Amino acid sequence: MKYDVCIIGGGAAGLAAAASFNKETRVCILEKNSMAGRKILSTGGGRCNMTNAACENCEMVLEFFRELGLETRCDSEGRYYPYSNRASDVVAVLVAAMGENISLRTGFDVKALSKVSDGHGEISGFMVSGRGCGGESETIFADRVILAMGGKAGPRYGTRGDGYRIAGTLGHTVTRVFPILAGLECEAEGVDFRKLKGIRAAGRLVLHREGKAVAEERGEIQFTEDGISGICVFNLTPHIKAEVGEDPAEAMEKYRVEIDLAPDFSHEEIAGRKSSFGIVTECLAETVSPQQLKSWILQVKAVKGWKEAQATCGGVDLDEINMETMESLMVRGLYFAGEIIDRQGPCGGFNLQNAWETGIKAAKAIDAEMGKK
């Protein structure tokens, strides 16, 4: 089979790219799962936090979906959701936008991607090798390829990091990847987190590395059986990492989280309190003394792993990609989109914005290039 474009990955980035091509471009999408857009369905608590008003190209994405017939609504914190509040509707409009020129192959597990030479040292296209839904080996040829295979977060959705290996075989640099937007495993002297599981508290958090503040967040903290969670905690995790050549376990020992559990009260207002109860729950007050309310220190043990992470930090080096067209600066005809690249944002629609935006850019750049020829 020969196509103008092969999109490897039928997630947010791949579907956005497919929906952006003109109707004359022959496109094949290869998706490992039995359905496209599976991970989209779990985002935003099943509502799909599509983008954020703070994203630079937010309006571009909103207009893209308006043209597909999907209206959105914005909450008080700038997060955009489909007007129906159903993530499945987002997937449905993307799939419905595919014309007869789009071939969607689900259950297709890509194993390798290689360049095809024209015999004069120039790249004439690509060969995609893998296994179809029946387990048979298949080869697909395309003039151009969009790698939209995602990262490693959420392996239950089929994200194993295969895209990094494939990008590497084509000469691209892949920066160190680690899970982010996940809970933290913590410890503190005399604290049994199992007794705090399920408790929620408003707070301000400051992340310290070797005593130096590196990030700050405020919001609702959720206590778990081995640490803390919640959006404000998730947004600290991109800053918790091992430097090049540093042992990850040793790096964790350098991080501490300082929590202010009375962010709306001054030191003077809580001075002299006999108990923390009344500001925090009774159970939490048994663990945190009034003297600790404004500065409770937790030692970071680990960031939760790939199973719980919502995103991947690291990926294909941005210095090797034209970020306006998403084409590789090393391999002509190879494009990237979505979480596979080393570009991440906090919770609140920023990472889906990256997926939609890069997928749209790649498709439009390819159509423009094909139009010139």
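Anyway, here's the lowdown on the structure attached to this text.

About the criteria used
Residues numbered from 1 in each chain as written. Predicted model: local features only at pLDDT ≥ 70, side-chain atom pairs only at ≥ 80, totals over all residues. Heavy atoms only, no water. Helix = DSSP H or I, 4+ residues; strand = E, 2+ residues; numbered from the N terminus. Rg over C-alpha atoms; globule rule 2.2 N^0.38 Å. Buried < 20%, exposed > 50% of the residue type's maximum accessible area, 1.4 Å probe, protein only. Contact = heavy atoms within 4.5 Å. Areas by Shrake-Rupley, 256 points an atom, 1.4 Å probe, with all protein chains shown as cover. Lys, Arg positive; Asp, Glu negative; His and termini not counted. Charge placed at Lys NZ, Arg CZ, Asp CG, Glu CD. Pairing = 2+ DSSP bridges. Axes fitted to C-alpha atoms, helices over the stretch in contact; angles between N-to-C directions. Polar contact = N/O pair within 3.5 Å; in protein donor to acceptor, adjacent residues only side chain to side chain. Core = buried A, V, L, I, M, F, W, Y, C linked by side-chain atoms within 4.5 Å. Arc of directions from axis to C-beta. Phe/Tyr/Trp six-rings, centres within 6.5 Å; stacked < 30°, edge-to-face > 60°. Lys NZ or Arg CZ within 6 Å of the ring centre and 35° of its normal. Salt bridge = Lys/Arg side-chain N within 4 Å of Asp/Glu carboxyl O.

Looking only at helices and strands, the chain has nine helices and 20 strands in total. Over its C-alpha trace the chain gives a radius of gyration of 23 Å, about what one expects of a compact globule, namely 21 Å for 373 residues. Projecting the C-alpha coordinates of the chain onto the three principal axes gives extents of approximately 80 × 45 × 35 Å. Burial analysis of the chain (373 residues in total) assigns 50% to the buried set. Look at the contacts in the chain between residues 6 or more apart in sequence, and 68% of them connect residues 24 or more apart. A total accessible area of about 17200 Å² is found for the chain, and carbon and sulfur atoms account for 48% of it. Taking the 44 positively charged and 52 negatively charged side chains of the chain as two groups, their mean positions are separated by 3 Å.

Let's shift gears to the sheet that holds strand β11 (residues 184-187). Pairing between sheet strands relies on hydrogen bonds along the backbone, with the strands arranged either parallel or antiparallel. The strand order around the closed barrel formed by six strands is β11-β14-β13-β12-β15-β16, and the pairing between neighbours is antiparallel. Strand-to-strand twist in this sheet, taken as the mean axis angle between neighbours without regard to direction, amounts to 45°. Note that strand β15 (residues 255-260) and strand β16 (residues 296-303) share four bridges and pair antiparallel. Bridging from a neighbouring strand, Ile259 pairs with Trp296 of β16.

What follows deals with the environment of Thr173. You can see Thr173 is positioned in the loop between α4 (162-169) and β10 (178-180). On the accessibility criterion, Thr173 (37% relative accessible area) is partly exposed. The contact partners of Thr173, leaving out residues within four places of it in the chain, are Gly315, Val316, Asp317 and Glu320. At 2.6 Å, the side chain of Thr173 forms a polar contact with the side chain of Glu320.

Spatial strand order, β3-β5-β4: three strands in an open sheet with antiparallel pairing. Looking at strand neighbours, the two that pair on one side only are β3 (51-52) and β4 (72-74), the edges of this open sheet. The sheet contact formed by β3 and strand β5 (residues 79-82) spans two bridges and is antiparallel. In the strand pairing of β5, Asn52 is matched with Arg79.

Relative to the helices and strands, His172 is located in the loop between α4 and β10. Of the residues examined, His172 reaches a relative accessible area of 6% and is grouped as buried. A distance of 2.7 Å separates polar atoms of two side chains, one belonging to His172 and the other to Ser328.

Before going further, it helps to examine the nonpolar core. One finds Phe65, Leu113, Ile146, Leu147 and Trp356 to be the most contacted residues of the largest nonpolar core, which totals 67 residues. The element best represented in this core is helix α9 (residues 350-372), accounting for eight residues. Dropping the residues within four chain positions of it, Phe65 is found in contact with Met50, Leu70, Val90, Val93, Leu94 and Trp356. Counting 37 residues, the second-largest nonpolar core is a separate cluster that includes Phe223, Val257, Val280 and Ala285.

With that out of the way, let us pick up helix α3 (residues 87-96). It helps to recall that an α-helix has 3.6 residues per turn; residues three or four apart then point in one direction. Turning to α3, its buried residues number three or more, namely Ala87, Val90, Val91, Val93 and Leu94. Down the axis, α3 shows its buried residues gathered within 165° of arc, on one side only.

All right, on to the packing of aromatic side chains then. The description of an aromatic ring pair rests on the distance of the ring centres and on the angle between the ring planes. Enumeration over the complete set of coordinates arrives at three aromatic pairs. When the centroid spacing of 5.0 Å and the interplanar angle of 75° are considered together, the rings of Phe64 and Phe65 count as edge-to-face. The exposure class of Phe65 is buried, given its relative accessible area of 0%. On the basis of an interplanar angle of 85° and a centroid distance of 5.0 Å, the ring pair of Phe65 and Trp356 is categorised as edge-to-face. Of this pair, Phe65 sits in helix α2 (residues 58-67) while Trp356 sits in helix α9, and the two are 291 residues apart along the sequence. Trp356 matches Phe65 in its accessibility class, with the two residues each being buried. Here the aromatic residues Phe64, Phe65 and Trp356 are joined through ring pairs into a cluster of three or more. Above the ring of Tyr81, the side-chain terminus of Arg47 is found at 4.0 Å from the ring centroid.

Bringing the pattern of salt bridges into the picture now. In the structure shown here, the tally under the stated rule is 24 salt bridges. Note that Arg200 and Glu220 form a salt bridge whose closest N and O atoms lie 2.7 Å from each other. Taken together, the residues span a long stretch of sequence, with Arg200 in strand β12 (residues 200-209) and Glu220 in strand β13 (residues 212-224) at a distance of 20 residues. Take Arg200: its relative accessible area is 48%, and that puts it in the partly exposed class. The network of salt bridges with shared partners includes Lys32, Asp109, Lys111, Arg160 and Asp162.

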